[in-house]
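Here is what each chain is made of, one letter per residue.
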Amino acid sequence: MFKTEFIRTIKSILIWSFLIVILAVFGLLEYPFISQYMDDFSKVFEKIPKIVQIMFGIYQIDFSESMGYYACMYYWTCLMTYPHAVYTGASIISKDQRDKYSDYIYTKPFARGEIVLTKVYVGVINIFIINIVSLLSSFLCIMPIKPGFDIVLRIILCSGGMFVTQLLFMAIGLICSAIFSTYKNSVRAAMVFLLFSYSFGFFIEAAGNINFLNFLTPTRYFPIQSGIKNEYNFIYLVIAGLIIFFSVKFTQTKYGNRDFI
């Protein structure tokens, strides 16, 4: 069953991976131009409103440093990996009804909870592959600019924070698929939550003095700045683990009682 479910997601993996690699290649080609006219870009960025800088991932970014440029590219990579994660969670089960696949899979001699768990495993593998692609793409983007073992470790740590956040968004997607009875509504609700998460994260960053509200948005659990400095907050790792665990249990319970006829 796992093999069958994974094969159904291969096309999606290839498309998202291709987009992430293209973004990394674009970043690699863009850096020489930006570094050459750094003073001019810095003056332009200073004139941009703070909230706009935050929305474009350039707030308090030192583009003269390779890790500063990586932080900006990391932000744009997350704009691909997080939507993929929340979509995976919202669709990996709910799309069965859209594709008329529920009538087939839920007649198999497997408990519904086991079927849901298998699909969750497939979703995690999908997210892990996308994360590895983003990690390798980051190496492609940064290593030609500034090679070094310390850079590698920091990028891996940041990628780890991204992976946990991806799992969080997948968990939210699972909850949406369990609450809403149709594929369209579950995906729509998941994307609305993603938009809220980013918007509220922007608000917290712009305010500057309400970081105690970070727990309300997954985008603030493992920020790139903390990853670069190796200063992730263990409490958020615990919160993320609890959310992921209870989302899977909740989804198993809801689908165990759902009528697919």
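Structure first, text after, so check above.
Note that the structure is predicted; figures quoted are calculated from it, not measured. (Residues numbered from 1 in each chain as written. Predicted model: local features only at pLDDT ≥ 70, side-chain atom pairs only at ≥ 80, totals over all residues. Heavy atoms only, no water.)

J.: Would you mind going over the overall build of the chain with me for this structure?
T.: Across its full length, the chain holds twelve helices and zero strands. Going from the N terminus to the C terminus, the chain shows its helices and strands as α-α-α-α-α-α-α-α-α-α-α-α. For 261 residues, the compact-globule estimate of 2.2 N^0.38 gives 18 Å, and the C-alpha radius of gyration of the chain, at 20 Å, lies within 12% of that figure. Summarising its shape, the C-alpha atoms of the chain cover approximately 65 × 35 × 30 Å along the three principal directions. Residue burial in the chain is summarised as follows: out of 261 residues, 47% are buried. Sequence-distant contacts in the chain: of pairs separated by 6 or more residues, those separated by 24 or more amount to 74%. Of the roughly 13,300 Å² of accessible surface on the chain, a fraction of 69% belongs to carbon and sulfur atoms. When the 21 basic and 15 acidic side-chain charges of the chain are each reduced to a single mean position, those positions are 10 Å apart. (Helix = DSSP H or I, 4+ residues; strand = E, 2+ residues; numbered from the N terminus. Rg over C-alpha atoms; globule rule 2.2 N^0.38 Å. Buried < 20%, exposed > 50% of the residue type's maximum accessible area, 1.4 Å probe, protein only. Contact = heavy atoms within 4.5 Å. Areas by Shrake-Rupley, 256 points an atom, 1.4 Å probe, with all protein chains shown as cover. Lys, Arg positive; Asp, Glu negative; His and termini not counted. Charge placed at Lys NZ, Arg CZ, Asp CG, Glu CD.)

J.: Looking at this structure, how should I read the pattern of salt bridges?
T.: When the charged atoms of two side chains lie near each other, side chains of opposite charge can form a pair. For the structure on display, the rule yields three salt bridges. The residue Glu 5 makes a salt bridge to Lys 119 at a minimum N-O spacing of 2.7 Å. With Glu 5 in helix H1 (residues 2-7) and Lys 119 in helix H8 (residues 112-142), this residue pair connects regions lying 114 residues apart in the sequence. Note on Glu 5: relative accessible area 3%, which makes it buried. By relative accessible area, which is 1% here, Lys 119 ends up buried. Through salt bridges with shared partners, a single network forms among Glu 5, Arg 8 and Lys 119. (Salt bridge = Lys/Arg side-chain N within 4 Å of Asp/Glu carboxyl O.)

J.: Sorry, what's going on with the nonpolar core here?
T.: Among soluble globular proteins, nonpolar side chains are generally buried collectively. Counting residues in hydrophobic clusters, the biggest one holds 56 residues, and the most contacted among them are Phe 63, Tyr 70, Tyr 74 and Tyr 82. For this core, the elements supplying multiple residues, two or more each, are helix H2 (10-36), helix H3 (38-47), helix H5 (66-91), H8, helix H9 (149-179), helix H10 (183-207), helix H11 (224-229) and helix H12 (234-256). Residue contributions to this core peak at 13 residues, all from H5. Apart from residues no more than four positions distant in its own chain, Tyr 70 is found in contact with Ser 138, Ile 142, Ile 155, Cys 158 and Ile 224. (Core = buried A, V, L, I, M, F, W, Y, C linked by side-chain atoms within 4.5 Å.)

J.: Is there a simple way to think about the side chain of Asn 214 in this case?
T.: Tracing the sequence through the fold places Asn 214 in the loop between H10 and H11. Taking relative accessible area as the criterion, Asn 214 reaches 9% and is therefore assigned buried. One polar contact links Asn 214 to Arg 220, side chain to side chain, over a distance of 2.9 Å. Setting aside anything within four residues of it in sequence, one finds Asn 214 in contact with Ile 204, Arg 220, Tyr 221 and Tyr 236. (Polar contact = N/O pair within 3.5 Å; in protein donor to acceptor, adjacent residues only side chain to side chain.)

J.: Looking at this structure, I do not really get a nonpolar patch on the surface. What am I missing?
T.: Taken together, the side chains of Ile 51, Val 52, Met 55, Phe 56, Trp 76 and Leu 79 define a hydrophobic patch exposed on the protein surface, amounting to about 470 Å² of accessible area. Among the elements of the structure, helix H4 (50-55) and H5 are those that each provide at least two residues to the nonpolar patch. By residue number, the principal contributor to the nonpolar patch is H4, which donates three residues. The residue Leu 79 is located in helix H5 in this model. Exposure remark for Leu 79: the relative accessible area of 30% places this residue in the partly exposed category. (Patch = residues over 30% accessible without salt bridge, like charges linked within 9 Å, V, L, I, M, F, W, Y side chains within 5 Å.)

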